[in-house]
There are 4 protein chains.
Amino acid sequence: MTATQATAETDALRAGFANVRALSVALAAPLSDADATVQSMPDASPAKWHLAHTSWFFETFVLRDHVAGYRAYDPAYAYLFNSYYEAEGARHARAARGMITRPSLSQVLAYRAHVDAALADALPGLHAEARALVELGMNHEQQHQELLLTDALHLFAQNPLEPAMWAPEPKVPVAMPGPTGWIEGREGAVEIGHGGGSFAFDCEGPRHVVWLAPHATADRTVTNREWCEFIADGGYARPELWLSDGWAWAQREGVAAPLYWEEQGGVWTRFGLDGRRPIDPAAPVTRVSFYEADAYATWAGARLPTEAEWEAAASAHDPAGGNQLDGAGPVEPRPSTSGPAFFGDVWEWTGSAFRPYPGFRAADGAVGEYNGKFMSGQFVLRGGSCVTPRGHLRASYRNFFQPEKRWQFTGVRLARDL
Amino acid sequence: MTATQATAETDALRAGFANVRALSVALAAPLSDADATVQSMPDASPAKWHLAHTSWFFETFVLRDHVAGYRAYDPAYAYLFNSYYEAEGARHARAARGMITRPSLSQVLAYRAHVDAALADALPGLHAEARALVELGMNHEQQHQELLLTDALHLFAQNPLEPAMWAPEPKVPVAMPGPTGWIEGREGAVEIGHGGGSFAFDCEGPRHVVWLAPHATADRTVTNREWCEFIADGGYARPELWLSDGWAWAQREGVAAPLYWEEQGGVWTRFGLDGRRPIDPAAPVTRVSFYEADAYATWAGARLPTEAEWEAAASAHDPAGGNQLDGAGPVEPRPSTSGPAFFGDVWEWTGSAFRPYPGFRAADGAVGEYNGKFMSGQFVLRGGSCVTPRGHLRASYRNFFQPEKRWQFTGVRLARDL
Amino acid sequence: MTATQATAETDALRAGFANVRALSVALAAPLSDADATVQSMPDASPAKWHLAHTSWFFETFVLRDHVAGYRAYDPAYAYLFNSYYEAEGARHARAARGMITRPSLSQVLAYRAHVDAALADALPGLHAEARALVELGMNHEQQHQELLLTDALHLFAQNPLEPAMWAPEPKVPVAMPGPTGWIEGREGAVEIGHGGGSFAFDCEGPRHVVWLAPHATADRTVTNREWCEFIADGGYARPELWLSDGWAWAQREGVAAPLYWEEQGGVWTRFGLDGRRPIDPAAPVTRVSFYEADAYATWAGARLPTEAEWEAAASAHDPAGGNQLDGAGPVEPRPSTSGPAFFGDVWEWTGSAFRPYPGFRAADGAVGEYNGKFMSGQFVLRGGSCVTPRGHLRASYRNFFQPEKRWQFTGVRLARDL
Amino acid sequence: MTATQATAETDALRAGFANVRALSVALAAPLSDADATVQSMPDASPAKWHLAHTSWFFETFVLRDHVAGYRAYDPAYAYLFNSYYEAEGARHARAARGMITRPSLSQVLAYRAHVDAALADALPGLHAEARALVELGMNHEQQHQELLLTDALHLFAQNPLEPAMWAPEPKVPVAMPGPTGWIEGREGAVEIGHGGGSFAFDCEGPRHVVWLAPHATADRTVTNREWCEFIADGGYARPELWLSDGWAWAQREGVAAPLYWEEQGGVWTRFGLDGRRPIDPAAPVTRVSFYEADAYATWAGARLPTEAEWEAAASAHDPAGGNQLDGAGPVEPRPSTSGPAFFGDVWEWTGSAFRPYPGFRAADGAVGEYNGKFMSGQFVLRGGSCVTPRGHLRASYRNFFQPEKRWQFTGVRLARDL
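Within each chain, residues carry numbers counting from 1 in the order of the written sequence. To read the labels, note that chains go from A and ligands from 1, taken in the order they are written. Residues qualify for local features only when their pLDDT is at least 70, as the model is predicted, and side-chain atom pairs are given and counted only at 80 or more; totals for whole chains, interfaces and linings, by contrast, use all residues.

(A) Representation of the interface of chain A and chain B. C-beta atoms are first placed from the backbone for all residues, and any pair lying within 7 Å is then listed as a contact. Tallying the contact residues gives 24 residues for chain A and 24 residues for chain B. Residue composition of the side of chain A that touches chain B, by class: 12 nonpolar, 9 polar and 3 charged. Amino acids outside the nonpolar list (Ala, Val, Leu, Ile, Met, Phe, Trp, Tyr, Cys, Pro) and the charged list (Asp, Glu, Lys, Arg) are all regarded as polar, and Gly is one of them.

Here it is as structure tokens:
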């Protein structure tokens, strides 16, 4: 690599880093100190915590480990803002993140600025391994941007006043999507997974062969209108449509519609980042659990795609296309206005449990805890959502959540055997 | 009553009201929006909620019910800030008070200012029944002032950074109290309870006769040094000292010292409104549960006084004396510097269950829910604490908490049979 | 005492002991090994456990402690059948008593026979202290006889087949009781409590003075018909009638009628030791909690009596009278056929928390754990029930349960201030 | 099919049915009425319930549905003994199965005899669909035979007396197995799953192609001695070896050794169907959860096999070979005395989540609830155990449990990538 190339690469990394870091701050801008502090459930984290934890990640794995003489901004922060890295020692209990009223939001923003400056200074001198950690940290932060928004939304949903994060966008009339079309999938030996050569999370590889039986995937995700038909047909009241655990969950929790839906005067409304508004029948349904997705698919005489089927189909599409996050502002899934899209709008539940690919080995050290230790009890989601920062996704990208979780922008694409 | 008298009475009520309302705001001054919003446990409420709820009390029971044409400041607030009045309709769940990041602290302060102005305007025209409700509201707010401080302290105790509410006061050297002295109590038929003629909560009356057996009460409360002896003698490890429910509670919760105590380098420290500091051996022990108080008394070969014994002894003392709250600033129990005192420093657990006095009847309507419906499962405490606003107490005053509660400034006075 | 007197006393004790021991076996006769083994809830114990624990009590506190050379029947039984005596060491967890399928019921009966024989042999040589423990053990066993029946009933109530313990007795037509009459109570200084001279549990004394305000107690307990009126008037749906804890309990548990009541074809039925049958409108209501009793009293414009009021009134009545347990066979509360009765039929909730009397001190050693350590969180009940063995009661007798418990034969007598 | 063939087939089915039914009764023979009634945890069922439920299965799906004029033995039994078939209506709560002290064990055995006779009578006239249900019922009952033993063992383990189901067998000295050998597995496109033509559960098919990457499986399962090394090396105390959910589970439950292990005088013992005895270092470890199995594999530098790898390797072996259940009597895993075995001794945790095969569709009606609705949250186990009735297994056989379950005879075979 020539010096010019090296400089160009450094400049690109610096710019990318600056963009990612700025977006987090912009997303949190509508939040007060209190909004950014409260934790609405153990699964969710306060916005302030997201802002601090992502900074701690850079501070720890890049500045502390790879920059000689760097001194921690505040030695107490490692305890407060480590998420789950056992190798990094004891840490504040996850369910008690909302107790941390101090440091304040503005103190956390100062911490961010300090880390940003230190990292920008250090960038030119970082060797490849450290740069890879910067890139990992940027992708890590993008994941937290999505969580920051869904967690803030969950918090606002607990408030009877239902504050909106942003004013709604003007609604553009869109034609109702037609009936689902079916895309015949590839059969036989197919390669999936990330093959290296550019950034990917460890769990996306190694690239490997899977064998696909004859099948087809839907050319779009399920819409709100279709979900209303499911409800009207007793979808939430017929145990034969449900997995046993799913039925028990729905009965216990009283689940009878997607999260944040409420019937008001005979009209279904939903709560979103732009407040409470009537559902858009043409838009993809979202905030449903795997259990609901699976029950819907059974009701529809179909099934969920496997992650391999999904990836094989999606690899022909542009991962930077579709309705993804371009900046701070109101976002919700939107009716598709063009042909089949596999990226954006809603994360699509697959029928695949999140397990390691053949040959997978977690990295050594704390960073090795990133994904591998979560490979039980979760299902894979694919395709990203309207709150995934554009540029973050790949066809091989694997998201994962427990089957009852539904506070993310999750939706449903059908598949069937041929 | 002459017009002059009426004006003087109005002026006094207006001044009292203004003082009470100002103190609440002063106590909350060190708190950020986030500090004032978070709920650290279901028993505690956010400071913001205390500030709003006490305002809602005046707005509802005085302005709405007794001031023609008054319109609610915000119709949503009744749902948010009603505490437990079933007669006032549905309300936000107690355990979810910490989810209310909006309205903000400054919006709540604006609400307070609005209610203050409306009530000041209305005061001259209020008839006696409404004035009595103003007085009730002032006493109600004083109770919430105490809770505001103990709840904020509990919140800060959940933060590993242990922020202090106020800087500590300079420590004044005090002589160690000598051995407990015993005050022989009155025997036979004794009158206790409030007899009317001035403000009291409904549960303090009617005044009635009780029969007291020969007994004595200690001339001071138990000190931290004495409590350390109890610990050192295995007090928390000997089931024979404990009530059965108390032992089960201590084992389940891992209780082995007063709340907020921590041994650091062989020295017992405690966390208080002035941060974490070594315990003062001469000061009254505080933040202990009824179960702990009872076990201590058994260990000491004594018992807790009944509330009647306490009141009979205390009625000779000045309820406005001792270490009580005079304004915003660091407060903690202090070593006594004079003779026997029954008021201030720490609430004293009695051995009496909180039950109605003979002839007690709750008031009609929502205000009737103030005390009567809590007359099961709680024990009476007497005497007020260092965070009770001076002027709030009476010899007949009955406070009450469940036997495992210990985040209030609670302590122990011994008694024994003669 | 002459030798003749001593022999007569020994004979009386032997006969009493034999009778008590025989009744337990007779009560358990309808139970299979499985019936006698299963634990239906943590509060209840298996019949086999009652049979074994009462034997362990004699074996431990009499034979082991006072009979030289006695060797334990089975050393493992102390661990299995100690109930709650901390001083007797570690023991099997209360909630896991139903796991003990071995020893079998017949093995436990053999254990009983062994203890019976050993104690009969030892009786003539026992000194006074040991004889007092025999008497305590007999009274202890009578308490467990009552529990054996109520626990077995609770178990059968969990079985959809609802097996009856005994066939029902033929129903005798009885006139409906007239309106409640009121008995004016004694006023001023009144002595209550047990004064010694004969057997009583430690918590019944010392005898002491209480001061009673003017009051009256009802001349009978509340009937099923009156309870139906309470239900019909929305008694279970009006929070203003309830203590706060009681209302929360009833909502959480879905309580809307006495335990084991079920509406079948418009008729209220109840499940009892004689199976499921229509309620008898004239009989005392039973299997209600303190919370329900208190709410009923509020609805009726009355209150519950204090235990002192109850005892002052009851002391003029025969504690061996009324509907009490005379042997194995179907029993349920019955309509009164004569004048005011204070004993039998149903335990009467009082408004008094179970707390020590002035001067009370628990005995030393394990037996001292009998009552004293339960003196928090419970309310006193008076008067015994239809499953209390006749001869067990006294006017000073204090039973106690937590306010939400209702699987005993508990009922309601009203009182009011004059 | 000729008449002779038909008769022979009927005879074979009748004999098989009789054998299966007799074995259940023989297995339960050591159990008392109480032993057979108590439920030791929600996951386990009483032996009596297993005996009754398997009879209900035949009565409902064969006699009721396919034998004209059959009348239910007892109409109440459908409610009591339906396990989880939503299509069969309301049923007794799973966690309350231990409350059913009536019908007694002998009444349940009478019910069994009735069903046996009715089915034997009906057999000759049953058409193919009904005969298939008989075969399903027989396989269903074999599954419950395994559960009956593991559930009874769990019950006995709750009893401090630790009763043994059977006396131990004389121990035969066996050479310690040598180091693990590695069997290279098949690569590329491989067919797995059941292809029809004989009995299999629905979830075993359809037969389909999977693609296997280069790998090897161990030639035997992990031994107790190896597990002791894992313990000694801190295996239960090093979070880096564990899945995140597994670590949380082990911490919460205090798991530090296989189920029923106890260190006594420096020697590891285990509780089994033959009572408590020292572990056999040469025998396969058993009663470990998936989480423990996975942590062990990580510690050993290996991984668990996928179910496809396992099946591809096992299909060359005899599914009726190895240490399986041949009759009532003490059984525990035994050291292998010959070459590689894939069947018997212990169920082997695979790394595969229990999910449907390509093209899987659940059967219509209640029987369709057999497996399909459990396809979330569970991991596949392969190979059967020492309490699996011989003849029950196939290479395609899929067992499944939640990852924390460990009261079955579960063990570990390692695999690794090549």
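Read on, since the account is not over.
(B) The sheet that holds strand 12 (residues 415-417) of chain C, seen in detail. Residue and element names in this part refer to chain C. Strands are labelled as partners when DSSP assigns at least two bridges between them. Going along the chain from the N terminus, every DSSP run of H or I of four or more residues is numbered as a helix, and every run of E of two or more is numbered as a strand. Pairing is antiparallel in the open sheet, where 3 strands are placed in the order 1-4-12. If you trace the sheet from one side to the other, it starts and ends with strand 1 (182-184) and strand 12, each paired once. For this sheet the average axis-to-axis angle between neighbouring strands, irrespective of direction, equals 25°. One ladder, built from 3 bridges, connects strand 4 (residues 215-218) with strand 12; its direction is antiparallel. Counted as the bridge partner of threonine 217 is alanine 415 from strand 12. Relative to strand 4, helix 9 (residues 307-314) is tilted by about 70°, and along the sheet it contacts strand 1, strand 4 and strand 12. To obtain an axis, a line is fitted to C-alpha atoms, over the contacting stretch when the element is a helix, and the angle between two such axes runs from 0 to 180 degrees between their N-to-C directions.

(C) Focus on helix 5 (residues 128-157) of chain C. The terminal C-alpha atoms of helix 5 of chain C, which comprises 30 residues, lie 44 Å apart, in line with the 44 Å expected from a rise of 1.5 Å per residue. Here a residue counts as buried when 20 or more other C-beta atoms sit within 10 Å of its C-beta, as exposed when there are 12 or fewer, and as partly exposed otherwise, the C-beta atoms being derived from the backbone. Counting buried positions along helix 5 of chain C gives 21 out of 30 residues, so the element sits mostly inside the fold. By this rule the span expected of a helix is its residue count minus one, scaled by 1.5 Å.

(D) Representation of the UniProt feature "domain: Sulfatase-modifying factor enzyme-like" (unreviewed entry) in chain A. Residue and element names in this part refer to chain A. UniProt positions are given in the numbering used here, feature names are shortened, and annotations may be inferred rather than shown by experiment. Mapped onto this numbering, the UniProt entry gives "domain: Sulfatase-modifying factor enzyme-like" (unreviewed entry) at residues 187-317 and 343-416. Helix makes up 28% of residues 187-317 and strand 21%, with an end-to-end C-alpha separation of 18 Å. The straight-line gap between the two end C-alpha atoms of residues 343-416 is 20 Å; of that span, 0% is helix and 24% is strand.

(E) Structural view of the interface of chain C and chain B. Facing 27 residues of chain C, the contacting portion of chain B comprises 27 residues. Elements represented by at least two residues in the side of chain C that touches chain B include exactly strand 3 (208-212), helix 7 (244-253) and strand 8 (347-353) of chain C. Counting residues per element, the side of chain C that touches chain B draws most heavily on strand 3 of chain C, which supplies 4 residues. The class makeup of the residues in the side of chain C that touches chain B is 14 nonpolar, 7 polar and 6 charged.

(F) Quick peek at the pairing of strand 5 (residues 261-264) of chain B. By the bridge criterion, 4 bridges tie strand 5 of chain B to strand 6 (residues 267-272) of chain B in an arrangement that is antiparallel. Within strand 6 of chain B, the position partnered with tryptophan 261 of chain B by the bridge is arginine 270 of chain B.

(G) A look at the domain arrangement of chain A. Residue and element names in this part refer to chain A. On domain assignment, one finds that chain A holds domain 1 (3-157) and domain 2 (182-417). Computed from C-alpha atoms alone, the centre-to-centre distance between domain 1 and domain 2 is 27 Å. Listed as interface residues are 22 residues of domain 1 and, on the opposing side, 19 residues of domain 2. Elements represented by at least two residues in the side of domain 1 that touches domain 2 include exactly helix 1 (3-28) and helix 5 (128-157). With 10 residues, helix 5 is the largest single contributor of residues to the side of domain 1 that touches domain 2. Considered class by class, the residues forming the side of domain 1 that touches domain 2 number 12 nonpolar, 5 polar and 5 charged. Here the limits of each domain have been adopted from an automatic or database domain assignment.

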